[in-house]
Amino acid sequence: MLEAAIKSDILKEFSDVLYSVVEEVKLLISPDGIKAKAIDPSHIAMVDLSLSSSVFEVYKATECQIGLSLKKLNDVIKLTKSGDIVKLEYDGKKNYISIILGNLKREMGLLDPESISDAKLPSLTMQGKVIVKTEDIKQAIKGSESISEQISLIVDSTGLLLESEGDSSDKVSLKIGKEDLKAIEAPDTIKSTYPIDYFSNMVKAINTSDFITMSFSNDYPLQIDFSFADGNGTVKYLLAPRTSG
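Rules and cut-offs
- Residues numbered from 1 in each chain as written.
- Predicted model: local features only at pLDDT ≥ 70, side-chain atom pairs only at ≥ 80, totals over all residues.
- Heavy atoms only, no water.
- Helix = DSSP H or I, 4+ residues; strand = E, 2+ residues; numbered from the N terminus.
- Rg over C-alpha atoms; globule rule 2.2 N^0.38 Å.
- Buried < 20%, exposed > 50% of the residue type's maximum accessible area, 1.4 Å probe, protein only.
- Contact = heavy atoms within 4.5 Å.
- Areas by Shrake-Rupley, 256 points an atom, 1.4 Å probe, with all protein chains shown as cover.
- Lys, Arg positive; Asp, Glu negative; His and termini not counted.
- Charge placed at Lys NZ, Arg CZ, Asp CG, Glu CD.
- Pairing = 2+ DSSP bridges.
- Phe/Tyr/Trp six-rings, centres within 6.5 Å; stacked < 30°, edge-to-face > 60°.
- Lys NZ or Arg CZ within 6 Å of the ring centre and 35° of its normal.
- Arc of directions from axis to C-beta.
- Salt bridge = Lys/Arg side-chain N within 4 Å of Asp/Glu carboxyl O.
- Axes fitted to C-alpha atoms, helices over the stretch in contact; angles between N-to-C directions.

Examining the overall build of the chain
Piece 1. On a plain count of helices and strands, the chain comes out with 4 helices and 18 strands.
Piece 2. Here the chain has a C-alpha radius of gyration of 19 Å; the compact-globule value for 245 residues is 18 Å, and the two agree.
Piece 3. Principal axes of the C-alpha set define a box for the chain whose edges measure 55 × 35 × 35 Å.
Piece 4. In the chain, which comprises 245 residues, the share counted as buried stands at 47%.
Piece 5. Here the contacts in the chain between residues at least 6 apart in sequence split such that 67% fall between residues at least 24 apart.
Piece 6. Total accessible area computed for the chain in this model is approximately 12,500 Å², and 44% of it derives from carbon and sulfur atoms.
Piece 7. Measuring between centres, the 28 positive side-chain charges of the chain sit 4 Å from its 37 negative side-chain charges.

See below:
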């Protein structure tokens with residue numbers, strides 16, 4: 001059972017973050033809030049998201065699971081304005097969730113949660129870590145998307161370098177010195193390369209967090225951590241590397 005009311009801006013970021021990885025998601029609902037773990041069909045990207053009950057205007061829930069089409073949810077969110085309150089109602093029996101925007105009510109069919117694969121996030125030990133401005137990463141991605149399908153991250157004691165190379169002499173690089181990073185850990189030079197389309201989708205979904213934490217090792221998955229909704233929402237992304245072998 002779920003009876004909740006939430007600001008549309010928070011619901012949008014919640015949906016955008018998940019939709020950057022998957023189109024369908026299993027939501028784990030409890031009295032403490034809503035959680036989701038998902039992996040894309042190619043097993044390249046994963047997301048682990050938690051949203052605390054304290055961020056809702058109204059929140060009453062019992063333990064349950066529902067399967068949701070994020071495309072359908074986004075179609076409803078597009079009808080909202082910033083600051084609107086969205087009500088969510090699920091009685092635990094019917095095969096739909098009611099989404100209410102003022103006088104508009106949308107009954108959205110649910111998916112069988114058992115048909116959606118469970119994602120188990122691995123425990124990883126990273127050698128390098130930076131806390132960097134989200135806008136800096138977005139700029140690097142925007143500059144690289146037109147010339148390459150991949151982007152390399154290189155961190156050392158001097159800072160973080162993002163670079164992409166095209167088929168000809170095209171190259172984009174962005175150097176962020178350690179003085180412009182909120183934090184840096186780099187015992188040695190560390191480099192790893194990632195698919196730019198997945199990386200781009202993830203970062204573009206981050207709307208309200210000024211900083212993100214990126215952790216990686218040589219030719220190792222990239223972990224991106226950030227929070228939203230004034231810290232009441234937490235997100236962990238994992239992105240598999242592209243290796244030369």
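After that view, the rundown keeps rolling.
Digging into the pairing of strand 11 (residues 150-156)
Piece 1. With 5 of its 7 residues buried, strand 11 lies for the most part within the structure.
Piece 2. In terms of strand pairing, strand 11 meets strand 15 (residues 190-195) through 6 bridges, oriented antiparallel. Among the inter-strand pairings, V155 is bridged to a residue of strand 15, identified as I190.
Piece 3. Pairing of strand 11 with strand 12 (residues 159-165) involves 5 bridges; the strand directions are antiparallel. Within strand 12, the position partnered with D156 by the bridge is G159.

So, the packing of aromatic side chains
Piece 1. In total, this model carries 2 aromatic pairs according to the counting rule given.
Piece 2. With centroids separated by 6.0 Å and ring planes inclined at 40 degrees, the aromatic side chains of F226 and Y237 adopt a geometry described as tilted. On the criterion of sequence distance, the pair formed by F226 in strand 17 (residues 222-228) and Y237 in strand 18 (residues 233-239) is long-range, its members being 11 residues apart. One exposure class covers both F226 and Y237, and it is buried.
Piece 3. Here K182 stacks its cationic end above the ring of F211, 4.7 Å away from the centre of that ring.

Describing helix 4 (residues 196-204)
Piece 1. Restricting attention to buried positions, one finds in helix 4 the residues I196, F199, S200, M202 and V203. Here the buried residues of helix 4 occupy an arc of 165 degrees about the axis, which is enough to place them on one side.

Overview of the pattern of salt bridges
Piece 1. A full pass over the atoms with the stated rule returns 10 salt bridges.
Piece 2. Between D84 and K81 there is a salt bridge, with its nearest N and O atoms 3.9 Å apart.
Piece 3. Residue K81 is classed as exposed on the basis of its relative accessible area, which comes to 57%.
Piece 4. Of the charged contacts in the structure, one is a salt bridge between K171 and E163, with a shortest N-O distance of 3.8 Å.
Piece 5. Its relative accessible area of 15% is what places E163 among the buried residues.
Piece 6. Because the salt bridges share partners, they merge into one network encompassing E163, E165 and K171.

Details of the sheet that holds strand 4 (residues 45-52)
Piece 1. Within the open sheet, the 9 strands sit side by side as 6-2-3-4-18-17-16-10-14. Their pairing is antiparallel. Looking at the sheet topology across the chains shown, the edges are occupied by strand 6 (64-69) and strand 14 (183-185). Averaged over all adjacent pairs, the angle separating strand axes in this sheet is 15 degrees, with direction ignored.
Piece 2. The pairing of strand 16 (residues 211-216) with strand 17 spans 3 bridges and is classified as antiparallel. Bridge assignment links T213 to a residue of strand 17, and that residue is D225.
Piece 3. Across the sheet, helix 4 touches strand 4, strand 16, strand 17 and strand 18, and the angle it forms with strand 18 is around 175 degrees.

These figures capture arrangement, not role.
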